[in-house]
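What the coordinates show
Residues per chain are reported as follows:
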Amino acid sequence: MERNEKYRAASWWITWEDLSWPNEDIADKFRYRADQSLASGINMAIIYGAHFRWDFMPLWMNLHDMIRFVADELHQRDILLFDHHSSVLTHRYSNQNEAQAMRLHNRHHLPFAPSRDIAAEWTYKGMKLNDWRMIDLITGKPVFLEQYTAEQFCMNNPDFQHAYREYVRLLLDETGIDGLMSDDGIFYSGWKSCGCEWCRKKFMDNYGHEVPPVRDTSFWGNYHNEAFKDWIEMRFSTTREFLEGVRSVTGKDFPLMTCCSDSVGSNLPGYGMSYQEFIKPCNHIMLEMCGNTPALNGSWQSNFPAQMLHLGIGHENNAPCLGLGYGFSEAAADFIWAFNKFLGSDTWFSTLKGRLGLRDSEMLSLKDDIELPVNGFNWEKNNPGIFDADTDSDVAVFFSRWSRDFYSMTEKDYAADYSETCFEMLRNNITFDVVTVIPEVSEYKVLLLSSASCLDDAEYSTLNKYLKSGGIVIASGPTGCYDKRANIAARPWLEQFGIICRIDEPERIAAFPPCSKQKDIIPACRSIFNGSNVEINEWIELSSGKGKLVWSPGRMQNLTIKLSTAERLRNFMPGEIPFPADTGWKFRIYRKGAVRIIHALAASFDLRCMDELEKARKINKGNNLIDSISKSKNISSAVSLELKWNCETVNFYAPLDGLRKKIPVKNGVLDITLDNEVYYFILEMVVK
Ligand SMILES: [Zn+2]
């Protein structure tokens, strides 16, 4: 793989049949598949299956030998191989009903698992695996995850930490893999875990608190209690430290990532899940786009705020960001590739056949993963220079982690405002990046802050520095009213501008599980100028140093504020934002030296599914068998763009349709007529 290439990854599924390794027929199958991978333009394969790796302990030697064979075959074709497994989950079933549920819903894991009685006897280097299990805080028994028919080992158990690091060492020694995705080291069961002795000890040793019983709501779910906030902090540090343990084995540059389907939501402290923590030990980012891409209603916007956050974390840490999309057809693979390219992500395409609830005999017509992403991957392979550009944007949207971690009991407290900001930028076709630290003015001219109620000391001062050196801050809703841990700030950030801002806080109801009884209310924000009784109801504009603060007490969840935000932005960037809103097309613009590259993707789609197979499914949730994706009828096939740049011709590409041509720019206007099939196109121009 060349240095400037992005990952074009597909899943490499292990099946029951493969476990008969060593086996010459399987070896032939793998050689054939490696050839196919090369023909499909794949430059990285990711192992999927044999997922709950501890359940495969009796087979590790053979499994690793098989992975080494795959790695060798792929390496001969200049393709990388990453392993991907769950570090902490183990399938456990007590009876035939549970066994059946495990096999039906998790066939893609290869749910090879001992029965409970046998599992109770399993040891690794003299340690009983059962002693590593997470304990349910309510029942005092091992945590049981019904959706996976599984239990989980605790990341804070030192014996387990040691054992898993030993496993990773063995895996690397025996397989020759090029990267690792170590999954699921989060509190998978949410707030009900973990009550094991090691979590209790860590809470006492590091924070000085006992873990109280769940009936004690002076602690549980009490967002005014510092000890409870320590519990939140410990959840995030636990998941990070566990991956740091993995990193200590892999060495510093080895590609390492972990599974993550979101880093935005208010529910994430319950899981200790955020790529803002994972990126400290990891050097690769991934976003699992759960469900259908696009959704069955033809939209693809729902994951956009999380995607932008992950891409932002990738940008800040110089780490590639893989968008994992699931599908079962060429049409789905085409779209998932185009969508990732539009966003600026690396691509990971995968089927998820084990979640369909179909028999193997019913799925014979479905192709292997590596046969599907042929169009996009080969086009990208042959045109790498198009995809290694950076976003061309002067606009950044700030994600306020503390407003989420220590303040948010519902989405409406913060995350919804951040997401609405991303949606509104998208609706207006304003290319932007997300930042998790306040940037320098040289990086972004305009910074959007939406209901960033909680600012830490560093954010407080870097924000002032940003303004002082000429930055424009467009902020809405409560801004810096609280400190990092959501306590009233000693120096509320807005007060230095003569603004007294108060939040009408709803009653915050402590409960176990935390947040479960909290009413879904948007906390309103009221403000006056210091020393007056005059309420501020509109956007106000204040100079600060060389920069400007544009602020409104209204929140992005309020439609009026949302719709007027882009207008404020345009006031400061006349002519900088070339794309009209609501054309039916979404645009993002990238830059590489003097070359500008515009990606355009239709905003909505009409989908068709494989109806007969859909009817045969025994599971009706999750991914659907989409086999036709076309842009919605109402999306125009004529696009006219006023270009702000000085260029005479533009290279037009529709990669999925095999089209390329030069289009002249007349009087600064580019008129494009598209074939009906085209839903994704790229414009490349050299600016004089
Ligand atoms: Zn624990």
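Scroll up to find the structure this text is about.
Residues numbered from 1 in each chain as written. Predicted model: local features only at pLDDT ≥ 70, side-chain atom pairs only at ≥ 80, totals over all residues. Heavy atoms only, no water.

Moving on, we come to the sheet that holds strand β10 (residues 285-292). In sheet architecture, strand pairing relies on hydrogen bonds along the backbone and comes in two forms, parallel and antiparallel. Ordered in space as β9-β8-β3-β2-β1-β12-β11-β10, the eight strands form an open sheet in which the pairing is parallel. Each edge of the open sheet carries a strand with a single partner, namely β9 (256-257) and β10. Here five bridges tie strand β3 (residues 80-86) to strand β8 (residues 179-183), and the two strands are oriented parallel to one another. Looking across to β8, one finds that Ser 86 is bridged to Asp 183. In the packing of helix α9 (residues 304-317) onto the sheet, the strands contacted are β10 and β11 (321-326), and the crossing angle to β10 comes to about 165 degrees. (Pairing = 2+ DSSP bridges. Helix = DSSP H or I, 4+ residues; strand = E, 2+ residues; numbered from the N terminus. Contact = heavy atoms within 4.5 Å. Axes fitted to C-alpha atoms, helices over the stretch in contact; angles between N-to-C directions.)

Further remarks concern the environment of Lys 562. With respect to the helices and strands, Lys 562 occurs in helix α15 (residues 559-572). A residue is classified by how much of its surface remains accessible, and Lys 562, at 15% relative accessible area, is buried. Residues Lys 562 and Asp 417, 145 residues apart in the sequence, show an inter-C-alpha distance of 9.1 Å. In contact with Lys 562, not counting residues within four places along its chain, are Glu 420, Glu 424 and Met 556. (Buried < 20%, exposed > 50% of the residue type's maximum accessible area, 1.4 Å probe, protein only.)

Around the zinc ion, the protein contributes the donor atoms Cys 154 (SG), Cys 194 (SG), Cys 196 (SG) and Cys 199 (SG), at 2.2 to 2.4 Å from the metal centre. Its four donor atoms give the zinc ion angles of 98 to 115 degrees at the centre, a pattern that matches the tetrahedral case. Each donor residue of the zinc ion lies on one chain, and together they are spaced C-x39-C-x1-C-x2-C. Taken as a pair, Cys 154 in the loop between β7 (150-152) and α5 (158-175) and Cys 196 in the loop between β8 and α6 (197-207) lie far apart in primary sequence, 42 residues in all. A relative accessible area of 5% means that Cys 196 is categorised as buried. (Donors = N, O, S within 2.8 Å, 3.2 Å for Na, K, Ca; no water. Tetrahedral: all angles 85-135°; square planar, octahedral: opposite > 155°, others 65-115°.)

A few words now on the pattern of salt bridges. Summed over all chains, the structure comprises 50 salt bridges. Across the pair Arg 401 and Glu 277 runs a salt bridge whose closest N-O atoms are separated by 2.7 Å. Here the residue Arg 401 occupies a position in helix α12 (residues 401-407), and Glu 277 occupies one in helix α8 (residues 275-278), the gap between them amounting to 124 residues. Note on accessibility: Arg 401 and Glu 277 belong to one class, buried. Note that Asp 405 is salt-bridged to Arg 401, the shortest N-O span being 2.7 Å. Taken together, the residues span about one helical turn, with Asp 405 and Arg 401 both in helix α12 at a distance of four residues. Owing to a relative accessible area of 0%, Asp 405 belongs among the buried residues under this scheme. Relative accessible area serves as the criterion here: at 8%, Arg 401 is assigned to the buried category. Connected through shared salt-bridge partners, Lys 202, Arg 240, Glu 241, Glu 244, Glu 277, Lys 280, Arg 401, Arg 404 and Asp 405 make up one network. (Salt bridge = Lys/Arg side-chain N within 4 Å of Asp/Glu carboxyl O.)

Turning our eyes to something else, we now look at unusual backbone geometry. A cis amide bond links Trp 21 with the next residue in sequence, Pro 22, at an omega value of 0 degrees. You can see Pro 22 is positioned in the loop between β1 (8-13) and α1 (24-39). A cis amide bond links Thr 293 to the next residue, Pro 294, at an omega of -5 degrees. In the Ramachandran plot, Asp 78 falls in the positive-phi region, its phi being about 60 degrees despite a non-glycine side chain. Within the secondary structure, Asp 78 sits in the loop between α2 (60-76) and β3. Residue Asp 78 is classed as exposed on the basis of its relative accessible area of 52%.

The next point concerns the state of the cysteines. In the structure shown here, the tally under the stated rule is zero disulfides. The thiol of Cys 290 is unpaired, and the distance to the nearest cysteine sulfur, on Cys 259, comes to 7.1 Å. For the unlinked cysteine Cys 321, the closest cysteine sulfur is that of Cys 260, found at 9.8 Å. (Disulfide = S-S within 2.5 Å.)

With that settled, the discussion passes to the packing of aromatic side chains. Any pair of aromatic rings gets described here by the distance separating the centres and the angle formed by the planes. Counting across every chain of the model gives 54 aromatic pairs. Summarising the aromatic geometry, the rings of Phe 335 and Tyr 679 are spaced 6.0 Å apart at their centres and angled 45 degrees between planes, so their arrangement reads as tilted. Placement of Phe 335 in helix α10 (residues 330-343) and of Tyr 679 in the loop between β29 (669-673) and β30 (680-686) is noted, with a sequence separation of 344 residues between them. Taking relative accessible area as the criterion, Tyr 679 reaches 7% and is therefore assigned buried. A network of ring pairs unites the aromatic residues Trp 54, Trp 60, Tyr 124, Trp 132, Phe 153, Phe 160, Tyr 164, Tyr 167 and Phe 242 as a single cluster. Seen from the ring of Phe 236, Arg 401 lies directly overhead, with NZ or CZ sitting 4.7 Å from the centre. (Phe/Tyr/Trp six-rings, centres within 6.5 Å; stacked < 30°, edge-to-face > 60°. Lys NZ or Arg CZ within 6 Å of the ring centre and 35° of its normal.)

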